[in-house]
Amino acid sequence: MMTKKTTSASSAFLILFLCQMITALEVPLDLSQPPTITQQSPKDYIVDPRENIVIQCEAKGKPPPSFSWTRNGTHFDIDKDARVTVKPNSGTLVINIMNGGKAEAYEGVYQCTARNERGAAISNNIVIRSSRSPLWTKEKVEPKHVREGDPLVLHCSPPVGLPPPIIFWMDNSFQRLPQNERVSQGLNGDLYFSNVKPEDTREDYICYARFNHTQTIQQKQPISVKVFSTKPLTERRPTLLTPVGSTSNKVELRGNVLLLECIAEGLPTPVIRWIKEGGELPINRTFFENFKKTLKIIEVSEADSGKYKCVARNPLGSTHHTITVTVKAAPYWITAPRNLVLSPGEDGTLICRANGNPKPNISWLTNGVPIAIAPEDPSRKVDGDTIIFSDVQERSSAVYQCNASNEYGYLLANAFVNVLAEPPRILTPANKLYQVIANNPALLDCAFFGSPVPEIEWFKGVKGSILRGDLYVFHDNGTLEIPVAQKDSTGTYTCVARNKLGKVQNEVHLEVKDPTMIIKQPEYKIIQRGGQVSFECTIKHDPTLIPAITWVKDNGELPDDERFIIHKDSLAIMNVTDKDDGTYTCVANTTLDSVSASAVLTVVDRPNPPFDLELTDQLERSIQLSWIPGYDNKSPITNFVIEYEDGMHEPGVWHYQTEVLGTQTTVQLKLSPYVNYSFRVIAVNEIGRSQPSEASEQYLTKAAKPDENPSGVQGIGSEPDNLVIIWEPLKGFQSNGPGLQYKVSWRQKDVGDEWTSVIVANVSKYIVSGTPTFVPYEIKVQALNDLGYAPEPAEVIGHSGEDLPMVAPGNVQVHIVNSTLAKVHWDPVPLKTVRGHLQGYRIYYWKVQSLSKRRRRHVEKKILTFSGNKTHGMLPGLEPYSSYKLNVRVVNGKGEGPASSDKLFKTPEGVPSSPSFLKITNPTLDSLTLEWGLPTHPNGVLIAYTLKFQPINSTHELGPLVEIRIPANETSLILSNLNYSTRYKFYFYAQTSVGAGSQITEEAVTIMDEGKMAMASRQVDIATQGWFIGLMCAVALLILILLIVCFIRRNKGGKYPVKEKEDAHADPEIQPMKEDDGTFGEYSDAEDHKPLKKGSRTPSDRTVKKEDSDDSLVDYGEGVNGQFNEDGSFIGQYSGKKEKEPAEGNESSEAPSPVNAMNSFV
């Protein structure tokens, strides 16, 4: 598991800004303003009677306000009470009761008033009460005598304190009494027993009450409980101990915690379940406490009103109680009045809206006086929860109080109206620098004040235009928000504030930084104890920020251990222990952001060995083994392996007995007689096997007759006149008792003989001599010991020894399938002559000579074996046109029988292999000499050779295909009348009467005309020379002059016979191709990988007719690797790619040699 968390400093700044947004308009303290209460004590103030009473009242204003107090609605004259003082420059009262004073004397309702020339603000009514922690009233506590199984309630009844005490039950040793579903404490402090048990008997059930304000604990007299038993116990269905009856009602205030309780008695102990009728219990706000006997709903609202039912159930039945919950509400704000700053002549409103259940009453005061009796102000008008101001003047300044109250409480808010005429001022420091992380909000402050309220405008840069649009958010307090700051948001921003009294501006600066990122996060690791592990944490950050990387474990500091090694980008833990298990977090902090990534380390190991092995249910042939699993070391145990030791037969050697699932801790084991057993258990998980447990106690089983006989009984002969009987001997614990022996019995099958038996010991083989050759025997081997025989064994069939077969197969016939395959038939031999287990027939065959070479060679015999009683077989891989011999023999377990007479047969002709080589020599302008070698395998009588060739031009096209038939006795050929400087491709193969063999391909080029070669060479040599370029320029200039002269002469009537000379001396190099010479198929380069296709000469319309070449080769190839199939088709490669046959049309082929790039066909 891996988690990642990113926190930006700008996020915290945004939260602070939002808090500022909901604060009333702040007036600079150097300007006149009415008082504002800044700090006061809570409405319900419970004080510690041992300490001085401090009633807070702080306020601000200009001029600084003066303070006065009322107590219980009348003026509180501080000067008349020496114990009461006021803090300097403050309205806070300090009542000194440390020297003989009593807090109770100062209980009451206090209210503070802060006043200056612009108005008066008042505090809440502060109710002062002294904390009380009275003692328990003395009472005589009678011992409780209860019958086992009955319910019991021990009442606490603590004294009434202020605030109410916290109740808990303990014993004389100050140990909390254990609580559970059966025994629990109620909300009223009583201790409830659903049913009592004998262990509930004790004499020190003590209820304690802790008063937190006075830090005292009061103790009730101990209660004695004695439980007496009466057998049998009578079970009963549940009934409720609290609340009583079937229904009840509860009222709770909005925002408080709702606690509903149901405690039931019964036997067995009931289980409590809660439901809300007609609805669901609120998710995320519902909790169950006190073993589900208490339903707790936090932050209740009106929607939580309804009927809640608790159901108590046990196997004998159920009971229920319905609690009708009504949620009321003390007043709460919808819109609290806010300070109002107006300039003379402006209008404004104060709004005071609150809600509650029942709906609260709204009343207004001005300067602490009910507005109905306050001095008249023509600029104001009261309209229910709103005061409307129009055309205010400086005398309209005052503090207004809004009071919203109902039977459950009240709200009091002060809001002033301050009439000022002030030019704008910007409160944000000049040239303030803001730094944020990219893609986060940027909030640029422009705190301002002015009356009338100034208008705020923002500009970017020194001469920038006003900022507008969706890229920015302009807040009422002057702040400019860039919701998603980017790198190009960096710069200087100017805030301008203006009203009718003036204008002011301020510059701030914004820098946008790259975010800190963890580019290589730590990953979840599972490591075996004692190993080492490393967590990586590679970060990327803005170069102007300095990151600090820290590692924490489980949200705390890393252990102070040298095994933890922190590198720049990683954390390594050496020699891992169980304590290292946990969540490791890499935290990268800068001044602007923080990013973290976590990964869990799980330390695993092989399980600890099981322990406390116990043998129970001990019987003669079975026993039950149980154990306690060891700790699985955080890798679940998958199975347990049970091993045993036979202390009598193989002491110290442990054998596998069985294994069970990892959820089992007992197993029933089958036992064998006459074994002194010890057991041990091994736990297995994914990491490996635990150490074996300690061995169990030994258990010796009684001796008995053998239960089983030897397995693997066989009867085979090692010689033609014996029978060898073998078996798998019983293991030690299989003997079931002392004196283990074997009774070996045999008789010849189907002849009526009696059984012959011998008793042997400590062996696993017995040889019977003097038997006939290969006859069947019935055999059995029976185990016995000192207590008797094993059950009657099963009989098996064996045979005495084999001998070599006596006769050879007859009537051997050979049928020729083709030139490389023959089928052989023979008659089977009589089974009696086999004299053993028939394993099959074996064919020996060898080549006598090749009919085409007429010479003998070394005879290499080949062997094919055909298993079973087959009478035919195929001989593959024969050479065509050859003479072979073969014979057939029968095979048994002893060996081969005599061979049949040699059978002579011949294979027919086949197609030859490719010629052994093809060389092209002596190239001239128009001829090439071809030489070749005979095929390595003629496979018959050669009747001819076939040569095909075609030219390849500079555009990679193949020309027309020419075919020549050559007598079989030739080994060379001179090709004449070829085109000069032309590349040709040749295809050459031999033929027998069966067909054409594999072809061989080659390419060659006729030589270039020497004159043209020299010209081309000169062109290549001089074309890049500077002097040549200059010469060509001069020639071009002369030609231009000559043309001008000709033009002048022609205009004068002269004739320049250039055209006639051109017609008379046409360049043969640029003559059009004659149609008789044909056109050329496309010869693609090696990138195309397109095979050659069938083609023919191109007719005058320059189309290709595929059907004109039906007698051409199917495929063609190049090099000595090319070869033909028996049907004459070609399999080969040209330049490493598969090609089609030579083309005579416009089809593609492979690229020619680069030498021909300058050549073309004529």
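The sections below set out a description of the structure shown in this document. Values in this document were obtained by computation on a predicted structure and should not be read as measured data.

Definitions and cut-offs
- Residues numbered from 1 in each chain as written.
- Predicted model: local features only at pLDDT ≥ 70, side-chain atom pairs only at ≥ 80, totals over all residues.
- Heavy atoms only, no water.
- Pairing = 2+ DSSP bridges.
- Helix = DSSP H or I, 4+ residues; strand = E, 2+ residues; numbered from the N terminus.
- Axes fitted to C-alpha atoms, helices over the stretch in contact; angles between N-to-C directions.
- Buried < 20%, exposed > 50% of the residue type's maximum accessible area, 1.4 Å probe, protein only.
- Disulfide = S-S within 2.5 Å.
- Polar contact = N/O pair within 3.5 Å; in protein donor to acceptor, adjacent residues only side chain to side chain.
- Contact = heavy atoms within 4.5 Å.

### Side note on the sheet that holds strand β4 (residues 53–55)
Taking strand neighbours across the sheet as the criterion, the three strands line up as β4-β9-β8 in an open arrangement whose pairing is antiparallel. Each having just a single partner strand, β4 and β8 (84–86) make up the two edges of the open sheet. Neighbour-to-neighbour, the strand axes of this sheet turn through a mean angle of 20°, independent of strand direction.

### Some thoughts on unusual backbone geometry
Of note, the amide linkage connecting Lys 62 to Pro 63 takes the cis form, showing an omega dihedral of 0°. Mapped onto the secondary structure, Pro 63 falls in the loop between β5 (57–62) and β6 (66–71). The amide bond that connects Asn 357 to the next residue, Pro 358, takes the cis arrangement and shows omega of 5°. Counting through the fold element by element, Pro 358 comes out in the loop between β32 (353–357) and β33 (361–366). The phi dihedral of Asn 977 is positive, around 60°, even though this residue is not glycine. Its location among the elements puts Asn 977 in the loop between β85 (972–975) and β86 (983–992). We classify Asn 977 as exposed; its relative accessible area is 71%.

### So, the environment of Gly 278
Along the chain, Gly 278 turns up in the loop between β25 (271–276) and β26 (286–289). In sequence terms Gly 278 and Lys 307 are 29 residues apart; their C-alpha atoms lie 8.2 Å from each other.

### A word on the state of the cysteines
By the definition in use, this model includes six disulfides. Here Cys 57 pairs with Cys 112 through a disulfide, and the sulfurs are 2.0 Å apart. One quick way to see it: the torsion about the S-S bond of Cys 57 and Cys 112 is about -70°, and its sign makes the bridge left-handed. Highlighted residues: Cys 57 in strand β5 and Cys 112 in strand β10 (residues 108–116), separated in sequence by 55 residues. On the basis of relative accessibility, which here comes to 0%, the residue Cys 112 falls in the buried class. In this model, Cys 156 is linked to Cys 207 through a disulfide, with the two sulfur atoms separated by 1.9 Å. Across the S-S bond of Cys 156 and Cys 207 the torsion is about -70°, and the bridge reads as left-handed. Highlighted residues: Cys 156 in the loop between β14 (152–154) and β15 (166–170) and Cys 207 in strand β18 (residues 202–211), separated in sequence by 51 residues. The same class applies to Cys 156 and to Cys 207, which are both buried.

### Some details on the side chain of Lys 276
Summarising the element assignment, Lys 276 is placed in strand β25. Within the structure, Lys 276 has its side chain in polar contact with the backbone oxygen of Ala 303 (distance 3.3 Å). When residues no more than four places from it in sequence are discounted, the contact partners of Lys 276 are Leu 281, Ala 303, Asp 304, Ser 305, Gly 306, Lys 307 and Tyr 308.

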